[in-house]
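# Reading the structure
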Amino acid sequence: DDAEPSNDKNSRLTPVKEVLRRIQWDPTLPSSSFTIIHYDRVEDNLSETPFDAPNNSITGKETQFVFALPEHRIEGVKYLDRTVWDKERRLDCVFGSMNGNG
């Protein structure tokens, strides 16, 4: 069951960049258990990609897909089957921002 999102639009949602860095560098968070929900502009829909997926499609030097992907296209982050960060719903269960709704 997902946590309740915040209804206060003035609350600051932790930027996805910080969430991704936490997953990358925190040894207590197994990156292989995370999935990124992102807008796929080729397929014109939301897609889910494993956090550790290699970058085989975005031009540049970044070898990991999640870090090659433009941040504005990331809509959410899942841990196993649970959404832990959601841009639209303003949900943050990684850092606990959003007035405790995390």
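Residues numbered from 1 in each chain as written. Predicted model: local features only at pLDDT ≥ 70, side-chain atom pairs only at ≥ 80, totals over all residues. Heavy atoms only, no water.

### Let's talk about the layout of surface pockets
Its volume calculated, the largest pocket comes out at about 180 Å³. Lining the largest pocket we find H38, D40, R41, V42, S57, I58, F65, L69, P70 and R73. (1 Å grid on protein atoms, 1.4 Å probe; cavity = no way out; pocket = protein on both sides within 12 Å on 5 of 7 lines; lining within 4 Å. Points joined across faces, edges and corners; volume = space filled by probe spheres on them.)

### Notes on the pairing of strand β3 (residues 74–79)
Side-chain direction in a regular strand flips from residue to residue, so the side chains alternate between the two faces of the sheet. Two elements, strand β1 (residues 34–40) and β3, share five bridges in a ladder whose sense is antiparallel. Of the residues in β3, the one forming a bridge with T35 is K78. With antiparallel pairing between neighbouring strands as the criterion, β3 and strand β4 (residues 82–86) make up a hairpin whose turn holds two residues, including L80 at a positive phi of roughly 55°. (Pairing = 2+ DSSP bridges. Helix = DSSP H or I, 4+ residues; strand = E, 2+ residues; numbered from the N terminus.)

### Here's the deal with the nonpolar core
Looking at soluble globular proteins, one finds that nonpolar side chains tend to be buried together. With 19 residues, the main nonpolar core has L20, I36, F51 and V77 as its most contacted residues. Put simply, the parts of the chain that give this core at least two residues each are α1 (16–25), β1, α2 (65–68), β3 and β4. A total of four residues in this core trace back to one element, the largest contributor, which is α1. In contact with V77, not counting residues within four places along its chain, are V16, V19, I23, F34, T35, I36, R82, T83, V84 and W85. (Core = buried A, V, L, I, M, F, W, Y, C linked by side-chain atoms within 4.5 Å. Buried < 20%, exposed > 50% of the residue type's maximum accessible area, 1.4 Å probe, protein only. Contact = heavy atoms within 4.5 Å.)

### Looking at the sheet that holds strand β2 (residues 45–50)
In space, the five strands of this open sheet follow the order β2-β1-β3-β4-β5, with antiparallel pairing throughout. Strand pairing shows two members of the sheet lacking a second neighbour, β2 and β5 (91–92), which therefore form its edges. Inspection of the sheet shows β3 paired to β4 by four bridges, in the antiparallel sense. Opposite V77, over in β4, you have W85 as the bridge partner. Its contacts with the sheet put α1 on β1, β3 and β4, and the angle it makes with β3 is roughly 30°. (Axes fitted to C-alpha atoms, helices over the stretch in contact; angles between N-to-C directions.)

### Quick word on the packing of aromatic side chains
Enumeration over the complete set of coordinates arrives at two aromatic pairs. Seen in terms of ring centroids, F34 and Y79 are 5.0 Å apart; in terms of plane orientation they differ by 50°. Their pairing is tilted. Here the residue F34 occupies a position in strand β1, and Y79 occupies one in strand β3, the gap between them amounting to 45 residues. Exposure remark for Y79: the relative accessible area of 32% places this residue in the partly exposed category. Between F51 and F67, the aromatic rings sit 5.8 Å apart at their centres with planes inclined by 85°, giving edge-to-face as the arrangement. Here F67 lies in helix α2 and F51 lies in the loop between β2 and α2, a separation of 16 residues in the sequence. On the accessibility criterion, F67 (26% relative accessible area) is partly exposed. Above the face of the F95 ring, R22 is positioned so that its terminal group lies 5.1 Å from the ring centre. (Phe/Tyr/Trp six-rings, centres within 6.5 Å; stacked < 30°, edge-to-face > 60°. Lys NZ or Arg CZ within 6 Å of the ring centre and 35° of its normal.)

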